Amino acid sequence: MTVDSRAVPDVSASAETSGAAPRATRFRPDVEGLRAIAIGSVLLYHAGIVFIPGGFIGVDVFFVISGFLITGQLVRELERSGRVSMIRFYARRARRLLPAAALVLAVTAALVFFVGSIVDRRVFGGDIVAAAAYVENWRLAGRAVDYLAEGVSVSPVQHFWSLSVEEQFYIVWPLLLVVVAFLARRFHWPARIVMAAGLCLIVVPSFLWSVMMSTSSPANAFFVTTTRLWELGIGGLVAVGVAIWPRVPRAVALILGWGGIAAIVAGALLLDETAVWPGSLALVPVLGTAAVIIAGASSSAPGFLGNKLMVWLGGLSYSLYLWHWPLLIAATWVWGELGQKRGLLIVVLAVIPAWLSYKLVENPVRRIAQERWSPRMTLSVGLNLTALTVIAGLLLMSGTPTSAPANASVEGKGAQSLEMKDGEATGIPNPDTVESFTPLPQDAAADKPDAYDRGCQVDQKVAVPKPCAYGYREGKTHLMLLGDSKALQWIDALDPIAKDHGWKLDVATKSACGFSSAQINDGQGDPYVSCTQYNEALLQMVLDEKPDAVMVSQTTSYSYDSAGERTQDAMVEALESTWKTLEDAGIDVIAIADNPDPVDLPAGDGEVYKCVAEYMDSLSSCAFSKEAGLDKSGTPAMLATADLLPSVDVVNMNDLVCTDVCPPVIGDILAYRQGSHLSRTYVKSTTPILERRLTPVIEEARAS
């Protein structure tokens, strides 16, 4: 998983004081020291320092601190005035957070435009808009479980997800406090007890949901607000109990302080990306942080937290967090993989813009707003800053061209431009001779079958087949297309063929789940249980439907054997079992050979369209070896299985994709979209050739 953190609370809230204020309302150097530990762990983790594999726990530390300080601020206002001013609260948030955030988002938009790849502008522009609107976490959560978003590069504003979580919490929590104030006055209840009860109504369900969702959907659970609210709530509970903590015996407080630090450090050193997060394990840094804050209420927190350097770093943590991530990502655009030394250098250099923006933007704006602006004026300025960053994101999105004079084409012949002999393509022209092509690289990822929008491919969580109807629905010849996305990529050629020939065609595919009894993993290293369950249900459905033939394809040739080893033999055995079961039931099997998987591209992180964006004047640079690409595909296992079952027919379209090498553009059409998938436009161009190869096989199946 990719883990980024930022949940830094309002510094001004921690510094507020009054003549008779208890300890918690004064400046807490120990809290600043905690923030220094949190930002330090995050920076080292993002820099790739191997001995901090759990540095992502810094976000959890930040959440607790933020919940403590902001809740304390709200509670004091409620007790002092009997109400909570929503306008003043959000004005404080705006003057603290928005100036620096707007500056960083604007600079990031410029970096994307001038340094990043053109293919990422639309996505990253949308990310900047989402970050400015404080919904980036939900955008990332959706992307994390979107199989078709796998090719999307790491966002330079991905770290804004935690700020989004925090601000969403602070939409709910002040409103809840308003209800608390009413109940306390109406029924003469102790306000802090009612507050604690209200927080528990957030903390307990959120924690339980976090545990469940982190197991069932870890990629999604990491980003969503509902799995993180309990961490902010724990900090809030510490703030509500502020009058109690100074009475904790000093010996106990010392144990809490040092024990809390030990828990945080242990989490950073011992946890890693394989941890189920943020489930029950998140209790380690969360409760550790709470323990240190409680200890500090009686001046028993570890003394090093109040060290000048720690306090300085803690005060700079918000700016440093904002700046370090886009600089790291921009550096990868220039140098590729950074490594530990370069990564560490970048995060150290990030101190410079962080300090400058802290001194020249954050503090001056906050000071002016406090002294000269009313809360409404502050909110107005904040909204205008937000609007400007939204505009920057929208301009980035609209600044992505949809046509180009030299390398754009409204149509291309694709596979139909190839010379054929005895039904086979005799070769593919050198792509460097191409003057124009479609789709452009920035449009390639979207050049996918509309079957995805229809829900014809279920995601990794679903274990029940959901077939879609295609072809001629009254046809007497019944076909089914089964497998993963490499089977579904052919639907835009198969559907018109089926309609022309009067074939009824049903489609049932599942993300990264080929149709067999194979035991595979889910891409995260865990058993792909839902795939096994799905295929069991799908096999029974096929046997009940008893179509004339099934067409299958898949993306991998490997699965796990009984000894836990990942081998091709295990996949062949699983395919043979499934295919033989079908054939014994009188259902013909047609294997559509998988196309080669892109390998050893000079740019683009394995994505052909991204490579093309970098080599528009030398398209042959993005060609790759057919042999090496086939080795990574699902074809070897399918062909080996077909050799064991002579009655299985194989339809191989790879002569239309590769010669000895696989060029990125064929017949003025970009051949590949995301991952190893063929573009929809190119698949459509293969329709008449696929029809000639498939029709006799189907007619034979119908006659048998």
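Computed from a predicted structure; not experimentally measured.

Colleague: Whenever I open this one, the environment of Ser81 confuses me. Can you help?
Modeller: Among the secondary structure elements, Ser81 is positioned in helix α3 (residues 58-81). With 177 residues separating them in the primary sequence, Ser81 and Trp258 have C-alpha atoms 37 Å apart.

Colleague: Can you help me understand the packing of aromatic side chains in this one?
Modeller: Two measures describe an aromatic ring pair: the distance that separates the ring centres and the angle between the ring planes. For the coordinates displayed, the defined rule picks out 16 aromatic pairs. Seen in terms of ring centroids, Tyr45 and Phe56 are 5.7 Å apart; in terms of plane orientation they differ by 75 degrees. Their pairing is edge-to-face. Of this pair, Tyr45 sits in helix α2 (residues 29-46) while Phe56 sits in the loop between α2 and α3; the two residues are 11 residues apart in sequence, bridging distant segments of the chain. Its relative accessible area of 1% is what places Phe56 among the buried residues. Ring geometry for Phe89 and Tyr90: centres 5.0 Å apart, planes at 75 degrees, overall edge-to-face. Since its relative accessible area comes to 0%, Phe89 is described here as buried.

Colleague: I tried to follow the nonpolar core on my own but got confused; where do I start?
Modeller: Looking at soluble globular proteins, one finds that nonpolar side chains tend to be buried together. Counting 111 residues, the largest nonpolar core has Leu34, Ile57, Phe160, Trp161, Trp173, Trp277 and Leu305 as the members making the most contacts within it. The contacts of Ile57, once residues within four sequence positions are left out, are Ile264, Gly267, Ala268, Leu271, Trp277 and Pro285. Core analysis: the next-biggest nonpolar cluster, separate from the first, contains 61 residues, Val119, Leu418, Leu488 and Cys611 among them.

Colleague: Hey, could you run me through the confidence of the model for the protein in this one?
Modeller: The predicted coordinates should not be examined in detail at positions where pLDDT is low. Residues at a pLDDT of 70 or more form 93% of the protein, whose mean pLDDT is 89. For residues 1-25, every residue scores under 50 in pLDDT, and the model assigns this stretch 96 contacts once sequence neighbours within four places are set aside.

Colleague: What is the right way to read helix α26 (residues 687-703) from this model?
Modeller: Helical geometry: 3.6 residues make up each α-helical turn, so side chains three or four residues apart lie on a common side. The terminal C-alpha atoms of α26, which comprises 17 residues, lie 23 Å apart, in line with the 24 Å expected from a rise of 1.5 Å per residue. For α26, the full list of buried residues reads Thr687, Ile689, Leu690, Arg693, Leu694, Thr695, Val697, Ile698 and Ala701.

Colleague: What's the story with the pairing of strand β10 (residues 588-592) in this structure? I'm lost.
Modeller: Note on strand geometry: in a regular strand, side chains alternate between the two faces of the sheet. Among the five residues of β10, five are classified as buried, and the element is accordingly described as predominantly covered. What you see with β10 is no split at all: Asp588, Ile590 and Ile592 on one side and Val589 and Ala591 on the other are buried throughout. Of the pairings in the sheet, the one linking strand β7 (residues 549-553) to β10 comprises four bridges and is parallel in character. Residue pairing for β10: Val552 is matched across the bridge by Ala591.

Colleague: Where do I start with the environment of Asp655 in this structure?
Modeller: Along the chain, the position of Asp655 falls in the loop between β12 (649-651) and β13 (661-662). The exposure class assigned to Asp655 is buried, which follows from its relative accessible area of 13%. Once the C-alpha coordinates of Asp655 and Ala425 are considered, the two residues, 230 residues apart in sequence, prove to be 5.8 Å apart. When neighbours within four sequence positions are excluded, Asp655 is seen to be in contact with Glu424, Ala425, Ile428 and Arg693. Polar side-chain contacts of Asp655 include one of 2.9 Å to the backbone nitrogen of Ala425.

Colleague: Can you walk me through the pattern of salt bridges in this structure?
Modeller: Considering all chains together, one arrives at 21 salt bridges under this definition. In this structure, Asp127 and Arg139 form a salt bridge, with 2.4 Å as the shortest nitrogen-oxygen distance. Taken together, the residues Asp127 in helix α5 (residues 121-132) and Arg139 in helix α6 (residues 136-144) connect sequence positions 12 residues apart. Taking the relative accessible area as the measure of exposure, Asp127 reaches 0% and is therefore buried. A salt bridge links Asp492 to Arg680; the nearest nitrogen and oxygen atoms lie 3.1 Å apart. Here the residue Asp492 occupies a position in helix α19 (residues 491-501), and Arg680 occupies one in helix α25 (residues 680-685), the gap between them amounting to 188 residues. Judged by its relative accessible area of 14%, Asp492 falls in the buried class. Using a relative accessible area of 21% as the deciding quantity, one classes Arg680 as partly exposed. Taken together, the shared-partner salt bridges in this structure form one network comprising Asp60, Arg228 and Glu231.

Reading the values: rules and limits
- Residues numbered from 1 in each chain as written.
- Predicted model: local features only at pLDDT ≥ 70, side-chain atom pairs only at ≥ 80, totals over all residues.
- Heavy atoms only, no water.
- Helix = DSSP H or I, 4+ residues; strand = E, 2+ residues; numbered from the N terminus.
- Phe/Tyr/Trp six-rings, centres within 6.5 Å; stacked < 30°, edge-to-face > 60°.
- Buried < 20%, exposed > 50% of the residue type's maximum accessible area, 1.4 Å probe, protein only.
- Core = buried A, V, L, I, M, F, W, Y, C linked by side-chain atoms within 4.5 Å.
- Contact = heavy atoms within 4.5 Å.
- pLDDT = per-residue confidence, 0-100.
- Expected span 1.5 Å × (residues − 1).
- Pairing = 2+ DSSP bridges.
- Polar contact = N/O pair within 3.5 Å; in protein donor to acceptor, adjacent residues only side chain to side chain.
- Salt bridge = Lys/Arg side-chain N within 4 Å of Asp/Glu carboxyl O.

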